[in-house]
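# Chains, contacts and geometry: an overview
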Amino acid sequence: MEFQRREAPFLTPRVSVASLMLQVLAALVPAAMAHVWFFGPGFIFNLLVASVFAAGGEALILSLRSRKPETGLTDYSALVTAVLLTFAIPSLTPWWVTATGALFAVVVAKHLYGGLGFNIFNPAMVGYVVILIAFPADLNLWVAPRMGDLDYQTLTILQTMQFTLTGSLPDGIAFDAVSRATPLDVMKTGLHNLHTVAEIRSIPIMGDFGGRGWEWIGNFLAMGGLWLLIKKIIRWHIPAAVGMGLLVPATIMYMVDPSSYAPPGFHLFGGATILCAFFIATDPVSAATSPKGRLIYGLGIGIVIYCIRRWGSYADGVAFAVLLMNMAVPAIDYLTRPHIVGHDSRGEQDA
Amino acid sequence: MAADLIERFKIGLWRDNPGLVQLLGLCPLLAVTATFVNGLGLGIATLAVLVASNALVSATRRWIQPEIRIPIYVLIIASLVTCIELIFKAWFPELDRSLGVFIPLIVTNCAIVARAEIFASRNPIGSSILDGLVMGTGFALLLMAIGAVRELFGQGSLFARMDMLLGGEPMHGIVLAENGWLFLVLPPGAFFCLALAIAGKNAIDQRRQTSRNEIPRRARRLNR
């Protein structure tokens, strides 16, 4: 009788890139629905434009690299990039801005670095930063969240579509009537004008924690993120460390001077903190890989976000923080190599 | 002789292009190429300095002590750059203001020191002048190309403000759009344009190489 000799791993994980990406997409659905509810149907048009151009760019570059376009398109990674980019941009964005971001994310940030698995930067964030720098004026138009006061107009589906296609609002509607400064902007300019945090937070758009609408989207994002944690698609290190990196300095500063530093709850629910912690920073390709490394990487992102929000010139700093820490990943991974049994901490064999 | 000349130009403009292949003088290349006219202006200035410095270094190559050659090259180049700077200030004051510190900084352009060290210090005057001419032209053409691309996509115009070089009324050039892709006018755009230019050159070279290799292979197959 012959014994079958097998070698580890005995149980191969039945996780494909496609199923992973689909579950990430599923986890984003509730937040996307909340986004449409609060900020109007522009999200859907942006998503369509971003997906078409991300998938198109993927197919184009794969055929240029003489690979099969199907393999790149059926792993849905381009779609995840498109969705994350759509979450980052305002719901009123002209289509060419979204298209530039999506194409840049897929073609330059992903494929010029070697394709999925080789990109050192998070593609969605590269796309976002490029359009933020190339079209600064177009990315300032956040529509007012639906919150029941009367001094702003909501756009119908057709009007939103018209804006997405032409980049101009219908006659008779001014930008000021539909758009609002985001809570982060309000906080930043308010503090700059020497208002106290309590005064700023009494403005209705600031909501309970991080701004009306925003905090609800944050809740749904957190739900999706927790689901990903339970399904073991992401691990707890990065989300926890991003939260720590942001909340610890925020709490200390708030305790020192509660009138000129925003409370930690505002930092947690305002802007893109939760999206970053669960969905952007956890990108398996561009994040650090060892458990200790992931903690350092997440902490770094949180601290940089806090610094940019408090002392930088941009209202939110998620994209810049993620890209900066992406650059640090090779060093972090090198310095936090786990201890291998039978070897000392430098990886040398024990004598 | 004519074939030799063409070969030298091919080397300067394409095979050993100072910007694309030797990657020398990248600081001014990245800093001033936001518009075509800036690229052209700095290209001409660099070309003039390069030709003159190659001629002077080559003429004095027998008397320069090898131990202190680099300081002497820098002295020669610096005096030439001062002349060019004064000429620019006198005849193209606006262009001089637009290029700012990058005209005096031609002194530190490593493409010029490199040509003095590599070529002019060991070749006769005529050949050295020719070398300065082809290398300077290659560098200037690259500056102009990147300047044109960045201006076209970054501002939506081409050949704007050529009056800084030609004189006369302020010119707007060919205006295709009111505004453009701001990203390209900013410093990262310069890096992207240069990287794409280098990648494009490498791709063309590679394609030529493979097609050159393929012809004999096909011939072999036919012979079999």
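Scroll up to find the structure this text is about.
To keep things clear, this report deals only with the structure shown in the data block. From a predicted model like this one, the values you see are computed outputs, not experimental measurements.

As a further point, take the overall build of chain A. If you tally the helices and strands in chain A, you get 16 helices and zero strands. Projected onto its principal axes, the C-alpha positions of chain A cover 85 × 50 × 35 Å. Contacts spanning at least 24 positions in sequence make up 74% of the contacts within chain A whose residues lie at least 6 apart. Only carbon and sulfur atoms are counted for the fraction: they give 66% of the accessible area of chain A, which is about 17,600 Å².

Another aspect to go through is the pattern of salt bridges. For side chains bearing opposite charge, pairing can occur when the charged atoms are close. Residue and element names in this part refer to chain B. Evaluated as defined, the whole model comprises ten salt bridges over all chains. One salt bridge in this structure joins R69 and E117, with 2.9 Å as the shortest N-O distance. One end of the pair, R69, is in helix α4 (residues 69–91); the other, E117, is in helix α6 (residues 110–118), with 48 residues separating them in the sequence. For E85, the salt bridge is made with K89, and the minimal N-O distance between the two is 3.8 Å.

Moving on to unusual backbone geometry. Of note, the phi angle at Y76(A) is positive, near 60°, even though the residue is not glycine. Position of Y76(A) among the secondary structure elements: in the loop between α3 (69–73) and α4 (77–88). Despite not being glycine, R161(B) shows a phi value in the positive range, around 60°. Take R161(B): it is sitting in the loop between β1 (157–158) and α8 (163–166). Relative accessible area serves as the criterion here: at 30%, R161(B) is assigned to the partly exposed category.

What counts, and at which threshold
- Residues numbered from 1 in each chain as written.
- Chains lettered and ligands numbered in written order.
- Predicted model: local features only at pLDDT ≥ 70, side-chain atom pairs only at ≥ 80, totals over all residues.
- Heavy atoms only, no water.
- Helix = DSSP H or I, 4+ residues; strand = E, 2+ residues; numbered from the N terminus.
- Contact = heavy atoms within 4.5 Å.
- Areas by Shrake-Rupley, 256 points an atom, 1.4 Å probe, with all protein chains shown as cover.
- Salt bridge = Lys/Arg side-chain N within 4 Å of Asp/Glu carboxyl O.
- Buried < 20%, exposed > 50% of the residue type's maximum accessible area, 1.4 Å probe, protein only.

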